[in-house]
Every structure is written in C-alpha cells, then in structure tokens.
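# Architecture at a glance
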Amino acid sequence: MNQDQTDRIITRIIDGEATAGERSTFAADADGNPSMWKSLALAQEQAAVLARTLDDATSTACAVALPAPRRVQFGAWPMAVSGWAAAVLIAAIWILLPGVQRGTHDGQLAVLHDEPAATLAADPLLRAYLNAQYVLGEQEPLMLEIEELRDGRIALRMLRRIEEVAFLQPGDELPVDEDGRLLLDPHALRARSAERSLF
Amino acid sequence: MTEREHNDGSFAAIAVATVRQACRGDRDALALLWNTHRRWLAVVILAHRPGWVDLEDLMQDVAVKLVDRIGELRDPGAFRPWLRQIAVNECRLAARNRRTTTPLASVDGQAGDAEGTRAPMPASTHDGPVAIIERSDEAMRLLDHALSLPTDYREPLLLRCVRGMSYQQIGELLDLPVTTIETRIARARRMLREEMQDEGQLR
C-alpha cells in the first residue's frame, strides 16, 4: 500500500465511508507497520479538532437570518394601496360633486363648501375625508422604501392606512368571506348603509 | 431534517418541493431552506472569502441575494450548486471591491488575497473571554493552516467537517466525481498533518 492509498483509506475510515473489506485490509497492513495506526490516530484527532473549531468559527454566521424582502415589487404597489387610494378618491369625488349629500356631513365640509373645486388641494380634501363620521382615524404610516433619487433627493414611499367603520342592520348578510376579506368595497358598503339611513 | 436525509429518496423529493415553493414566493419554505443549508454555506464562504472581509457580512450578503433571486432559479434540483455559486460570486465581488477602492492594500502586503495568502482567522465577535481562553492555540493554528490550503483542497476538506455531508453530496455541490473529492480530502489531511508536524518540530 503506497502513501496515497494509505491516506485515502485513512480518510475513508475517519469519515465512515470505508467498507468492511477496506477496514480489514488496513488492520492487516497496520499490524505489520504500526506507524499506520499512529497516522490513523493523528488524522482522527485532527479531523475532530478541525470540525469543532470550524463549528465555533461559523456559529455566528450560521445565526444570520433571512432578511425581509427589500422592496415591494412595482406591480404589487398599486395593488397594495388601491383599496385606500380608492377610498380617498371616492371621498374626493364625493366632495367635489355639487349637491351630493353634503348636508349629511360635519362642519369641515361646510368650510370647503364655498371653495371652487378646482382650487382645492389634495391635503385639505384628505383632511375633510378624515373628518367624515365613518372615518375612525389614520394609523401610523407604514414605510415601504427609502430611495435616493438621481437628483440627490430622498424618496420615502409609505403606505397610509385609514380606518373606517360601517354599520349593518340586524339580519343583514355579512359581506365578509371565510378569510375575513370584505366582499363589497367600502364605498358600496357605505352606500348600502346610507340607504338605510345609518349615516 | 438533516443534510443526509435530504439526499435520500423521498427526502430529496421533499427538498425539491420545498425549493419549488420557495421559488413561488413562499417565505416559510425559503426560511426552511436557509436554515437547512446555511451551515455548509458558511463553510463555503469561509473557504472562499478574502481574509479581510467578515464572514457574517458575506453571509448576510448571500442571504439578501437568495431572497432577491430565488425566483430566477430554473432547476429546483440544482438548488445547492446554485446557492454555492452565489456565495462564491459574493466572495469574488468582495475581493474585487477591495482591489478597486484601496489598491494599495494588495501591494503593501497588509491584506490577504482571495486566492492567495489569507489574513488570520479573526476571533468570532460573539466569543466571550472564557471561550477565547478555552479555545486552544493549536486548534486555531490547525484552522488557519486549513484555510491556507489551495482552494481545490480547502473547500472539500472543510465541507466534510460539516456534520452529515457525504462525499457524494460534496461532489454534487462542487460538480466533481466522488473519487476526486475523496482524493482531495485525503491529500488535504496529509498536507495538514505535515504542516502541523513541521510546526511542532520548529517550536
């Protein structure tokens, strides 16, 4: 058995890959050449120490967790905000349309009543919407992405979450599916409630 | 589930199914894959990283790449070699970035090279004083010597130290025949043994 063959069989024994025949051959040869036993013992010890040391050296790296996805996909963004954007849009349209149910809302709308619709900025419209009776409030915005633009500005993309409430009459069918999703959009739900004079 | 189980019959099918789920965007499946494979992945990074880059930083970079690119994997059965290639590429990128930004470092001999001499293994940041004292100098020297072996020998040897990785699995990962893996591990061990013996005689 030459040096390469000896090294190879020692490696196979250490790693538990040697066959019974290989182990017998090694034992027979080693009985005639005790330095082979010494080589096996040293190699075994080294393999064990190396495995343990490697374990220690990589333990911190092995604790690294997967990061959350870094950005919302472009295609997913309009979907994610469409519900809320639709609510804001509906509110804006509702306010801008002349003579539509204005009397049913609070004082904020009275302030806006005399302003020409074209001059109304988005923020006052949103404030008016937030003051509607069916709006309970706005939750803390959810940060989606911070991106540096080519011109040096920083773009903060955030999801604004507005909480609304709708009331159903006793006996009304619940417009919610098994997963808790609304089957009617909030506007339709409110319209149905309005028909029953809840708002 | 251990690494070895993943490679056996139905377990292999489960592993491929998990990869498919992860490719479709299932976060739980992706987390399961990461937890299953990160141990050998850390070893691959350790074998290829430039000595001046933190292992943890590179591991984090690979995790980010995995999340970003899992949807691009075409063959779920080739997940391991694909993930290894990401890790190796990140190590090369780290080496290139260093050369680009601070070219003097490779000239003045202060830093190791990705393929050549390596900086000593730094103590893990999580080690407390007791752990540092307990870790024997000899064990650290052994690891340093292992990390100084030529890459072709270093990587299979270190991968073999990962619990449960068979020659067959290492061969699949490196796209090499089992006999080549066996030969390289055997030679790497002999080189290590000789290095340590020479060092012992010098001291």
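A short tour of the structure in this document, coming up. (Residues numbered from 1 in each chain as written. Chains lettered and ligands numbered in written order. Predicted model: local features only at pLDDT ≥ 70, side-chain atom pairs only at ≥ 80, totals over all residues. Heavy atoms only, no water.)

### Some thoughts on the overall build of chain A
Across its full length, chain A carries seven helices and two strands. For chain A, the α and β elements follow one another from N to C terminus as α-α-α-α-α-α-β-β-α. Burial analysis of chain A (199 residues in total) assigns 26% to the buried set. Nonlocal contacts in chain A, meaning residues at least 24 apart in sequence, comprise 48% of its contacts between residues at least 6 apart. With the model as given, the accessible surface of chain A reaches about 12600 Å², and the carbon-plus-sulfur share is 56%. (Helix = DSSP H or I, 4+ residues; strand = E, 2+ residues; numbered from the N terminus. Buried < 20%, exposed > 50% of the residue type's maximum accessible area, 1.4 Å probe, protein only. Contact = heavy atoms within 4.5 Å. Areas by Shrake-Rupley, 256 points an atom, 1.4 Å probe, with all protein chains shown as cover.)

### Considering the nonpolar core
Counting 61 residues, the largest nonpolar core has Leu50 of chain A together with Trp40, Leu66, Phe79 and Leu159 of chain B as its most contacted members. With twelve residues, helix H3 (residues 27–48) of chain B is the largest single contributor of residues to this core. Apart from the residues within four sequence positions on either side, Leu159 of chain B is in contact with Trp40, Val43, Val44, Met165, Ile170, Leu173 and Leu174 of chain B. Ala18, Met36, Leu40 and Ala43 of chain A belong to the second largest nonpolar core, which has nine residues in total. (Core = buried A, V, L, I, M, F, W, Y, C linked by side-chain atoms within 4.5 Å.)

### Focus on the pattern of salt bridges
Note that side chains of opposite charge can pair when their charged atoms are close. All names here are of chain A. Applying the stated rule across the entire model yields 15 salt bridges over all chains. In this structure, the salt-bridge partner of Arg12 is Glu22, at a minimum N-O distance of 3.0 Å. In this pair, Arg12 sits in helix H1 (residues 3–14) while Glu22 sits in helix H2 (residues 20–32), placing the two residues ten residues apart along the sequence. The class of Glu22 is partly exposed, set by a relative accessible area of 23%. (Salt bridge = Lys/Arg side-chain N within 4 Å of Asp/Glu carboxyl O.)

This is a description of form; function is not addressed.
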